[in-house]
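Chain and residue survey
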Amino acid sequence: MADREILTHSSEETIAQGREIGAKLKAPVLILLSGDLGAGKTTLTKGIAAGLGAAREDDVTSPTFTLVHKYEGRTRVYHVDLYRIEDLHDFETLGLEDIFSEQAVVIVEWPDRLKLRTDWRIVRIQLEHVAEDTRKILITE
């Protein structure tokens, strides 16, 4: 059961909610973002990174092909996309274990692709595509 449920009706609202979420976070924390393609995971990440002071919203893009993006400002943020990861070997080439030795916020899209182990605080965010522009954001801590 989610601790909080938020409805947004545009990309701008999703980004604004991300900014609010990000402003309340303190490193180290692992954010697990789940949802179908087009549910708004990267859009929400734009706001989270901006709220943390790590990057401008326009600078945050999907790491689908590079797999990991690093943003550094007031807080260090790693944005990871595991969609194309097929096995443990692929995962190990990302070097994520080194990231967990830093004071950072790690945002992972498609976390169900592999199990991540850490003693960091974990925030789970599920995004659901409700209607054309409406998204449901479920947050569990």
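Everything in this summary refers to the structure shown in the same document. Everything numeric here is computed off the predicted structure, so don't read it as measured data.

1. Some points on the nonpolar core
Formed by 24 residues in total, the largest nonpolar core has its most connected members in Leu25, Ile31, Leu44, Ile48, Val105 and Ile125. Those elements that provide at least two residues to this core are strand 2 (29-34), helix 2 (41-51), strand 5 (105-109), strand 6 (121-129) and strand 7 (135-140).

2. Brief notes about the packing of aromatic side chains
For the structure shown, the criterion picks out 2 aromatic pairs. Centre to centre, the rings of Tyr83 and Trp110 are 4.8 Å apart; their planes meet at 55 degrees, and the pair counts as tilted. Taken together, the positions of Tyr83 in the loop between strand 4 (76-81) and helix 3 (88-92) and Trp110 in the loop between strand 5 and strand 6 put the pair 27 residues apart, joining distant regions of the chain. By relative accessible area, which is 37% here, Tyr83 ends up partly exposed. Take Trp110: its relative accessible area is 14%, and that puts it in the buried class.

3. Examining the sheet that holds strand 4
Neighbouring strands of a sheet are bound in pairs by backbone hydrogen bonds; such pairs are parallel or else antiparallel. Overall, mixed pairing links the 7 strands, which are arranged 1-7-6-2-5-4-3 in an open sheet. Because the sheet does not close on itself, it has two edges, and the strands there are strand 1 (4-8) and strand 3 (68-72). Across the sheet, the mean angle separating the axes of adjacent strands is 20 degrees when strand polarity is ignored. In this sheet, strand 5 lies alongside strand 2 in parallel orientation, the contact comprising 5 bridges. Following the sheet pairing, Ile31 is matched in strand 5 by Ile107. Of the strands in this sheet, strand 1, strand 6 and strand 7 are in contact with helix 1 (residues 11-23), which crosses strand 1 at around 150 degrees.

4. Looking at unusual backbone geometry
Between Ala27 and the following residue, Pro28, the backbone shows a cis peptide bond with an omega angle of 0 degrees. Mapped onto the fold, Pro28 is located in the loop between helix 1 and strand 2. A positive phi angle is found at Leu67, which is not glycine, with a value near 75 degrees. Within the secondary structure, Leu67 is located in the loop between helix 2 and strand 3. Overall, Leu67 belongs to the buried group, its relative accessible area being 15%. Phi at Trp110 takes a positive value of approximately 60 degrees, unusual for a residue other than glycine.

Scoring rules and cut-offs
- Residues numbered from 1 in each chain as written.
- Predicted model: local features only at pLDDT ≥ 70, side-chain atom pairs only at ≥ 80, totals over all residues.
- Heavy atoms only, no water.
- Core = buried A, V, L, I, M, F, W, Y, C linked by side-chain atoms within 4.5 Å.
- Buried < 20%, exposed > 50% of the residue type's maximum accessible area, 1.4 Å probe, protein only.
- Helix = DSSP H or I, 4+ residues; strand = E, 2+ residues; numbered from the N terminus.
- Phe/Tyr/Trp six-rings, centres within 6.5 Å; stacked < 30°, edge-to-face > 60°.
- Pairing = 2+ DSSP bridges.
- Axes fitted to C-alpha atoms, helices over the stretch in contact; angles between N-to-C directions.
- Contact = heavy atoms within 4.5 Å.

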